[in-house]
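Tertiary structure, described
Here is how the chains run, residue by residue.
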Amino acid sequence: MISVSEALHLIKENTGPVKDIIEISAIESAGYVLSQDVISPVDLPAFDQSAMDGFAISPHSSERYHLRGEVRAGSSTQFQLDPGDAVRIFTGARVPESASAVVIQEEVVTDGDEICVKSDVSKGMNIRTQGEQLRTGSVALSKGMRVNPAAVGLLVSMGIEKVNVYRKPLTSVIVTGDELIAPGSVPEPGQIYESNSVVLVSALHENGFGVISVQHVKDEVSSITDAISAESKISDLILVSGGVSVGDHDHTVECLANNGYVKIFHGVDQKPGKPLYFGIKDDKIAFGLPGNPASALTCFYVYILPALRSVSGSGFNGKWIRAGLNSTFKKKGAREEFLRAEYSNGIVTLLPLQNSAMLHNYAKANALVRLPAGKASYESGDPVDVLLL
Ligand code: AMP
Ligand code: MG
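Everything numeric in this text was worked out from a predicted model, so none of it was measured.

This structure, assessed with the given rule, holds ten salt bridges. In this structure, the salt-bridge partner of R64 is D111, at a minimum N-O distance of 3.1 Å. Of this pair, R64 sits in strand β5 (residues 64-71) while D111 is found in strand β8 (residues 108-111), placing the two residues 47 residues apart along the sequence. Look at R64 and you get partly exposed, because its relative accessible area is 34%. When its relative accessible area of 45% is taken as the criterion, D111 is described as partly exposed.

Structure representation (C-alpha cells):
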C-alpha cells in the first residue's frame, strides 16, 4: 500500500489542464481559469487622477492660491496652471498636467476666488499617477489564475472584453449500493438513505465545480460497468462511491478496468479512506471512493479537489497550513490519519467521534488535521499540518 504523499504525488503527475480552450466574455469569466497571461493594453490609471476631494495646485512660496475653476470626475476640461494657481478637484477627476499636488479640502480655507492652504505640500501628494497600478504591456493576470470578482473588475477596468480560459471540467458521480434509497422514499429494514451523492455534489458546487450527471446503481458488475461507460463518454472526471474495497459485492475497481481505466493506485495507508482508488484513461480520470460518508468526503478534500483544480488549469493544490494542536492526543493505529477539526487563530481542535461512517461532527469541522504515520503521541501546542476546508 502506498503512503498519502505517494498518492498525492501520483495524482499530481497524472493530471493536467483540459485541452479545450475557449474564448469567453470577460464579464462572465468569474470561476474560469485563465489559459494564458492577460497583458494590459492600457496604463492604469489611464491618466493622473485625484485621490481625494480637494484642490489641485501648482505650488509656489505662499500659502495663498488663485482659484481658477473646477474639474469634476469625468470632466475633460483642461487647465493650464501657473505657480500659485489652484483648481477645485474631486476624487477620480483628471489632475491638470501643470498641477503637482492635491491638497485635501479639510486643509484648505476658501476665500472668494482665493484659497489658503494650511498643510505642508509635497510633490505628487494625493495623486494616483498614470500607470502606477499597471503599465501598458505588463502582465495583469497570470495563466493558471482562477478569475475572481476582483479579476473581473480588473479586466473590465483595462477595457478587455474577451479572455481565453480553460473549459470547465465535467464531473460525473456514480453511487453504488443495494442498501441505498433516495431521499423521499421510506426505508425498508436494512436500507439507508443515500447521502454521498449529495455530499459530493454540494462539495463540488461549494468549490466552484459543476456536476454533469449523477447515477445510482446496484452492486452488479453489468450495471456499474454500463454507468461508468456512459459517464466516461461525457465527463473528464468520474467519482464512483462505494464498492471499492475487497468485499464480495465490491465491483467498482473491476468495472473501471472493464472500461479501460488503468489503475494508478488502489489502497492508501491512511485512515479514513484506505481503499481509495485512482485510475486514468487517456486524459480522463476516475476515483473510487469508500462508501463510508466521512471517508468519501475526506478523500474528496485531500485528493479530488486538488485533482480537479489541476484539471481545471489552476494547478494541483490545497489550502494546507501549520497550526498548533490545542490538546494532547494519542494516535492509535500505525496509519497516517486525517482528523476532522475546528481551526481558529492558529489553533486547531480535534473533534470527538471520528468514525468514518459519521457525518455529525464533520458538519462542524472547518479543517482536517493530518497526522503522519510515524508519530503517535502529541502534546498540546505541537505543530501539525492542517487542510482548511
Ligand atoms: P462500501 O464502501 O460500499 O462497502 O460502503 C461502506 C459503508 O458506507 C456501508 O455502511 C454503506 O452502507 C455506506 N454507504 C455506501 N455508499 C453510501 C452512500 N452513497 N450514502 C450513504 N452511505 C453509503
Ligand atoms: Mg457498497
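This brings us to the sheet that holds strand β6 (residues 85-89). Reading across from one edge, β7-β4-β6-β5-β9-β8 is the order of the six strands in this open sheet, with mixed pairing throughout. Two strands in the sheet have a free side with no partner beyond their single neighbour: β7 (101-104) and β8. On average, each strand axis in the sheet is inclined to that of its neighbour by 35 degrees, with strand direction left out of account. As judged from the four bridges shared by strand β4 (residues 54-57) and β7, these two strands associate in the antiparallel manner. Counterpart to A56 in the pairing with β7 is V102.

What follows deals with the nonpolar core. Within the largest apolar cluster, 45 residues are counted, with the highest numbers of intra-cluster contacts made by L239, F287, L289, F300 and Y303. Secondary-structure elements contributing two or more residues to this core are α1 (4-13), β13 (171-176), α3 (196-206), β17 (237-241), β20 (277-281), β21 (284-289) and α6 (293-312). Sequence-distant contacts of L239, that is, excluding residues within four places in its chain, are made with T171, S172, V173, I174, L200, L204, F287, L289 and I304. If you look at the next biggest cluster of nonpolar residues, it comprises 18 residues, including L34, L141, V147 and V163.

Glancing now at the side chain of S35. You can see S35 is positioned in the loop between β1 (21-25) and β2 (38-39). Those residues within four positions of S35 in sequence are excluded, and the remaining contacts are I21, K143, N164, V165 and Y166.

To continue, consider α6. Residues spaced three or four apart along an α-helix point in a common direction, a consequence of the helix completing one turn every 3.6 residues. The sharpest bend along α6 comes to roughly 45 degrees, located at F300. Among the 20 residues in α6, 20 count as buried, and that is most of the element. Taken from the residues just after α6, G313 is the one with a positive phi, measuring 105 degrees.

Turning next to the site of ligand 1. Close to ligand 1 lie 15 residues; E179, E194, S195, G243 and G291 are nearest. Side-chain polar atom of E179 to an oxygen atom of ligand 1: 2.5 Å apart, as the coordinates give it. Within the backbone of N196, one N or O atom sits 3.3 Å away from a nitrogen atom of ligand 1. For the shell around ligand 1, the class distribution of residues is six nonpolar, seven polar and two charged.

Looking now at the packing of α3 against α6. Between α3 and α6, the least distance of the axes is 11 Å, while the angle of their chain directions is 30 degrees. The two elements α3 and α6 meet at a crossing, and its hand is right-handed. Judged by residue contacts, N196, V199, L200, A203, L204 and E206 of α3 engage P293, A296, L297, F300, Y301 and L308 from α6.

Taken together, the six strands give an open sheet; going across it, the order is β16-β13-β17-β21-β20-β18, and neighbouring strands pair in mixed fashion. Each of the sheet's edge strands pairs with one partner strand only, and the pair in question is β16 (213-217) and β18 (262-266). The sheet shows a mean angle of 15 degrees between the axes of neighbouring strands, taken without regard to direction. Taken together, the four bridges between β18 and β20 define a ladder with antiparallel strand orientation. Counterpart to H266 in the pairing with β20 is Y277. Strand contacts of α3: β13, β16, β17 and β21, with the helix running at about 160 degrees to β13, the strand carrying the most contacts. Helix-sheet contacts for α6 involve β13, β17 and β21, and the interaxial angle to β21 is about 175 degrees.

For helix α4 (residues 221-234), built from 14 residues, the straight-helix expectation of 20 Å at 1.5 Å per residue is met to within 8% by its first-to-last C-alpha distance of 21 Å. Of the positions making up α4, those classed as buried are I224, T225, A227, I228, E231 and S232. End-on view of α4: buried residues confined to an arc of 160 degrees, all on one side of the axis. Turned more than 90 degrees off the buried face of α4, the exposed positions are D226 and K233.

Rules used in this analysis
Residues numbered from 1 in each chain as written. Chains lettered and ligands numbered in written order. Predicted model: local features only at pLDDT ≥ 70, side-chain atom pairs only at ≥ 80, totals over all residues. Heavy atoms only, no water. Salt bridge = Lys/Arg side-chain N within 4 Å of Asp/Glu carboxyl O. Helix = DSSP H or I, 4+ residues; strand = E, 2+ residues; numbered from the N terminus. Buried < 20%, exposed > 50% of the residue type's maximum accessible area, 1.4 Å probe, protein only. Pairing = 2+ DSSP bridges. Axes fitted to C-alpha atoms, helices over the stretch in contact; angles between N-to-C directions. Core = buried A, V, L, I, M, F, W, Y, C linked by side-chain atoms within 4.5 Å. Contact = heavy atoms within 4.5 Å. Bend = angle between axes of the 7 residues up to and from the residue. Near = heavy atom within 4 Å. Polar contact = N/O pair within 3.5 Å; in protein donor to acceptor, adjacent residues only side chain to side chain. Nonpolar A, V, L, I, M, F, W, Y, C, P; charged D, E, K, R; others polar. Left-handed = near helix turned anticlockwise from the far one by under 90°. Expected span 1.5 Å × (residues − 1). Arc of directions from axis to C-beta.

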